[in-house]
Amino acid sequence: MSAVLSLKGATIRFGGLVAVNDVTFDIEKGDLFGLIGPNGAGKTTCFNLITGVYRPTSGEIFFNEKLINGLAPNRICAMGIARTFQNIRLFQALTVLENVVIGGFLRHKASLASALAYLPPAITETSRLEREAMDLLEVLDLADVAQTRSADLPYGKQRRLEIARAMATQPELLLLDEPAAGMNPNEKEDLAQTVRLIRDQFGKTILLIEHDMKFVMGICEKIVVLDHGEEIAYGPPSAIRNDPKVIEAYLGEAV
Amino acid sequence: MVHQLLPIAAVDFNTLPQQLVLGIGIGAVYALVALGYTMVYGVLKLINFAHAEVFMLGAYTALFTAWYLGFSPQSLQALERESSWLNLLIMLLASMVICAIIGVIIERFAYRPMRSQPRIAILITAIGVSLLLQYGGALFLPVSPPPSIDERVNPYRGAYTITLSRPSDRLLGQKEELERQYQESNVAFEKQLEKEKSRFDLSPQGIALRNAKQEAERALRKVTDEIAASGRELKLPRGQMIMLGATLILMLILRHLVLYTRTGRAMRAASHDFDTASLMGISVDKIVTVTFIIGSALAGAGAMMQATFIGTPLTTFYGVSLGVKAFVAAVLGGIGNIPGAVLGAMVLAIAETLVVWADGSKWKDAIAFVILIAVLLFKPGGLLGSSKVEKV
Amino acid sequence: MNWGVRAVSIVAAVGFCFLIQTVSLGFGADIQRLIALAGLYVTLAVSLNLINGITGQFSIGHAAFYMIGAYTTGYLSIQFLKNSGMPGPVWLLLMMLAGAIMASLAGLVVGLPSLRLKGDYLAIVTLGFGEIVRIIVVNSPFDVSFFGVFKFFTFPNLGGAYALDKIPAIRELWLIWLLAVVCIAVCRNLLKTAHGLAFLSVREDEVASLAMGVNVTRIKVTAFMIGSAFAGAAGALLAHYETSILPSTFAMDVSFIILTMVVLGGTGSITGSALAAITLFALPEVLRRNKEPVTGGTFLAIVIGVIAAVVLIRWFQNEYHGSKNKKTAGYFASVAASAIVAFGLTFALNAIPALHDKAFEGSKLRMVIFAGSLIIVMLIRPEGVFAHHEFSWTWLKKVLRIKPKSEALAT
Ligand SMILES: Nc1ncnc2c1ncn2[C@@H]1O[C@H](COP(=O)(O)OP(=O)(O)OP(=O)(O)O)[C@@H](O)[C@H]1O
Ligand SMILES: [Mg+2]
């Protein structure tokens, strides 16, 4: 069986707190996979484990059947996993276009020396990356603000830019951490379409964290639910919706 | 040397205990200053570069207080009376109070307006304040010739001597005999000198007397060395004992403040998580102010004691080297960790003494940086701290 | 890419360097020396800007690399220049290379801890590294041995605490300025390419940068190596210009001066670093030349004026909610009002005998002014005078046409 990503008993402790406890799931190629759970459940921490920001205390993480625990984040990204951040982490002083060019930087082919001397290889590579970045900005509907400082963008656009930047690394697996947070219903609707587009047209596999149940249930085909670091449910939206454990975990929150 | 155990150059185990005693004294000052760094870092996550200058100003305060108390260079010639412990106490309190005030002023006017800025901006401000006090201070404070606090302000001079093992009576007798011989030959030579044209142009008789004198001197020195090597005594300078005692008292007070008072609890909370603490209704400004008061007052105490009991001359750069070392001590112990600062200070001071003892005195000032780099690379949390994983 | 424009600008740059050389030959030796040192400081500031401003690695020990370049090449020249039979300028170029290589190796050593350290910790390590280098030179010569039993080699005599002197004099002003120009060009080029963006991304957000696949480690170390290579080459030029160098030539305050230049100019702005280097270098010289001492009254009046200006400007920044134009007008008014007050106070305060009699030599005020300006910039414009702007004709036009946007220059 060839899962794109599989977690096997992934666990991490911070002092006394077990933030993620023995989490196991597989993501197949082309999945649109949801990761949900109440606040502090350990969702973002899962992303951090997958992308190499934290090293798991125990357990294994495979990407295309290669063990990736403990690899540096930039290596993992180069292998084909890109992410967005829940608490938006754009390169604030740089323009929208520049942000996306940096996403593509790992594919540049010019040497540093040619950049320092401003020689043709560096110049052509830079303009190639810029063209590619512009194409992505078109897809994400950000082309008109390409020259704006990313910190000056409205919130919703910043979230889209996060996605554009991650897409620029040309990943196989895209991790989206609460991409719809802070968006109004219209923006959310647009976003849902974009996410589907990314999966269908660009052929990416997507794992996304989201609190908005309508959003998640609407677009995800499979869902894992975490609570207090533990995996409490796994299945298609219809099953998750009626799972008593999930309802209990979300008690008080609208499911 | 007799007791040499290892083929290590110039290492003499007889002098080790004495060196350690000195090391602990220096460690006390490091500790007092390190506490200020560690507490401010704990709350604000700021390396308070200006802390070293607060220390420097504390030393100057002690100096001026001593002058005011009648130990100024002008009045010293006519000085009759002995000093008393009261003078020392006044100097200590003056330094602590003035330093506390200076610390609060710096925080209020240089750091507080910067709190919303990135950390690097506050750090640059701190460097700026530090340089301003160093060079600006030099415009107003006496710097050349570098003044120092007269040792007579300290009524407890001299040292307690603890004899660990006595040299043999034979050697002591020999020394007495040789001392007498040396005196005699010296007197004879001096007498002869009066008859000579000049010290450098001696008659044969003069040369003979001079050689005899030098011979006696050599023999005496040899026996003295042997005595030093065979008998072991420990000199405990009384000033440094006071220093240690005072440091200990201050630490106990600090411990009580931090562990058992409301403010102390709030301080620890802020140090654990600044933002949450402010959400929980802790007045962050007040906590920061208190932190600066305590940290600066401790630095003031350290400055007064170093300037008085160790008696090094003052310049406006008095705090620079000590400041960096105290900071290293704080990092070594685990920055933000109060017992850690004390531990780090002692370890660093003793490491320095050991380097000096192993005949590496010219490398003494480098050792702090070597330790610093090693700690940061291999145990970034320090000895007592735990390294936190940055939240993403 | 337009090779024609490129060729013209290269020729213009070299021509500019020779022009400086020719013009300065018309002055006396001391002015020539100042022009040389100014060029070196431009190199130092711009190269530190690459590390601090562009890559965001807060280094405050830049003088150490300068020192390594100077001492390495000074020593080599004393030992080998005579026998090499090379013409001066060629040898000097070789020495610049040697200094650059040694310094960039040191940069590698300092860059490595930066992989694990952030911000203030890195600052302390760079400071410590500078001190270690200084202590090594001061203690030279010494034997490197295993506890005195097993001797590896003897570290050469670099003059110890005294000067390393009798370095052969090779004074090529054009080369000094050419180094500055090359340094500026290299940084400029870098920022025009995707590589430069990768450097900037490390400054902006290391975690995000890593997540985008940027090899942060490599970039940090590279920045340290390039930055220190330029400082090392500058050191080589200094050693052969001065012919005698002291450990104190490279003391901590030199690092702080370079840092001030970068911070004041605007972190990340090459233009800012270069202009700040020249201005801050010239300022103390002007003070030194002005033989008349500054009286305590004047000093106090200026201090009060500056504090008033800072307080007023901060008030306009934070409390005043007018239009941008009105704010800018407010800044100008604050500065003007404070200047007038200070001017008036000068007379009033100097009338007090105690203040009038206490006088300072201008040169003593140098570091005080640096330190003061560091704090003031942080208080009212932490991003530095130029912020992240670079000089370009379009930028200049924009600034000149749309007046209110010109805060960059106003404050
Ligand atoms: N570096 C860290 N050090 C200590 N605790 C951490 C760290 N990172 C995460 N945690 C803790 O782990 C737990 C899970 O956090 P996480 O951010 O993964 O939650 P989440 O499911 O993403 O919640 P939310 O929906 O609010 O984003 C929290 O209690 C958090 O405080
Ligand atoms: Mg989260």
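Because the structure is predicted, anything quoted here is derived from the model rather than measured.

**A short note on the confidence of the model for chain B**
All names here are of chain B. Per-chain confidence: chain B averages 85 in pLDDT, with 93% of residues scoring 70 or above. The secondary structure element of chain B with the lowest average pLDDT is helix α3 (residues 73–76), at 73, and the one with the highest is helix α4 (residues 85–111), at 94. Here residues 1–9 is a poorly scored stretch, pLDDT under 50, and it has 10 contacts once near neighbours within four places are set aside; other chains count.

**Concerning the packing of aromatic side chains**
A ring pair, where both rings are aromatic, is described by two values, the distance of the centres and the angle of the planes. Tallying each qualifying case throughout the model produces 21 aromatic pairs over all chains. Taking the centre distance of 5.8 Å and the plane angle of 10° together, the rings of B:Phe55 and B:Tyr318 count as stacked. Taken together, the residues B:Phe55 in helix α2 (residues 51–71) and B:Tyr318 in the loop between α11 (284–310) and α12 (320–333) connect sequence positions 263 residues apart. According to the relative accessible area criterion, B:Tyr318 is buried, its value standing at 10%. Positioned above the aromatic ring of A:Phe91 is the side chain of A:Arg165, whose terminal nitrogen or guanidinium carbon lies 4.7 Å from the ring centre. The residue whose ring lies beneath C:Arg171 is C:Tyr241, and the NZ or CZ to ring-centre distance is 5.3 Å.

**Observations concerning the domain arrangement of chain C**
All names here are of chain C. Structurally, chain C comprises domain 1 (17–289) and domain 2 (294–410). Its C-alpha centre places domain 1 at a distance of 31 Å from the equivalent point of domain 2. Taken residue by residue, the interface counts 21 residues in domain 1 and 19 residues in domain 2. Taken together, the connections running from domain 1 to domain 2 amount to zero salt bridges. Our count for the contact surface shared by domain 1 and domain 2 stands at two residue pairs in polar contact (both at pLDDT 80 or more). When residues in the side of domain 1 that touches domain 2 are grouped by element, the largest group, nine residues, is from helix α11 (residues 270–289). Residue composition of the side of domain 1 that touches domain 2, by class: 10 nonpolar, eight polar and three charged.

**Examining the interface of chain B and chain C**
Accessible area lost upon the coming together of the parts serves often as the stated size of an interface. Taken together, the contacts link 45 residues of chain B with 44 residues of chain C. Roughly 3900 Å² is buried in total at the junction of chain B and chain C, and carbon and sulfur atoms are behind 81% of that figure. Together, B:Ile124, B:Tyr135 and B:Leu139 form the three largest contributors to the area buried by chain B at its contact with chain C, with a combined 16%. Put simply, chain B and chain C have zero salt bridges between them. Those elements that place two or more of their residues in the side of chain B that touches chain C are α4, α5 (119–140), α12 and α14 (364–378) of chain B. Among the elements that make up the side of chain B that touches chain C, the one with the highest residue count is α5(B) (15 residues).

**As for the coordination of the magnesium ion (ligand 2)**
Residue and element names in this part refer to chain A. For the magnesium ion (ligand 2), the full set of protein donor atoms is Thr-44 (OG1) and Gln-86 (OE1), at a range of 1.8 to 2.1 Å. Remark: Gln-86 occurs in the loop between β6 (81–83) and α3 (96–104) and Thr-44 occurs in helix α1 (residues 43–50); sequence separation between them is 42 residues. Taking relative accessible area as the criterion, Gln-86 reaches 30% and is therefore assigned partly exposed.

**Thoughts on the pattern of salt bridges**
Close approach of charged atoms allows side chains of opposite charge to pair. Evaluation of the coordinates by the stated rule reveals 26 salt bridges over all chains. Residue B:Asp285 is joined to B:Arg115 by a salt bridge in which the shortest nitrogen-to-oxygen separation is 2.7 Å. With a gap of 170 residues between them, B:Asp285 in helix α11 and B:Arg115 in the loop between α4 and α5 connect regions that are remote in the sequence. The exposure class of B:Asp285 is partly exposed, given its relative accessible area of 35%. Overall, the relative accessible area of 25% leaves B:Arg115 in the partly exposed class. Linked through salt bridges whose partners overlap, the residues forming this network are A:Arg107, A:Glu125, A:Arg128 and A:Glu132.

Rules used throughout
- Residues numbered from 1 in each chain as written.
- Chains lettered and ligands numbered in written order.
- Predicted model: local features only at pLDDT ≥ 70, side-chain atom pairs only at ≥ 80, totals over all residues.
- Heavy atoms only, no water.
- pLDDT = per-residue confidence, 0-100.
- Helix = DSSP H or I, 4+ residues; strand = E, 2+ residues; numbered from the N terminus.
- Contact = heavy atoms within 4.5 Å.
- Phe/Tyr/Trp six-rings, centres within 6.5 Å; stacked < 30°, edge-to-face > 60°.
- Buried < 20%, exposed > 50% of the residue type's maximum accessible area, 1.4 Å probe, protein only.
- Lys NZ or Arg CZ within 6 Å of the ring centre and 35° of its normal.
- Domains from an automatic or database assignment.
- Salt bridge = Lys/Arg side-chain N within 4 Å of Asp/Glu carboxyl O.
- Polar contact = N/O pair within 3.5 Å; in protein donor to acceptor, adjacent residues only side chain to side chain.
- Nonpolar A, V, L, I, M, F, W, Y, C, P; charged D, E, K, R; others polar.
- Buried area = accessible area lost by both parts, 1.4 Å probe.
- Donors = N, O, S within 2.8 Å, 3.2 Å for Na, K, Ca; no water.

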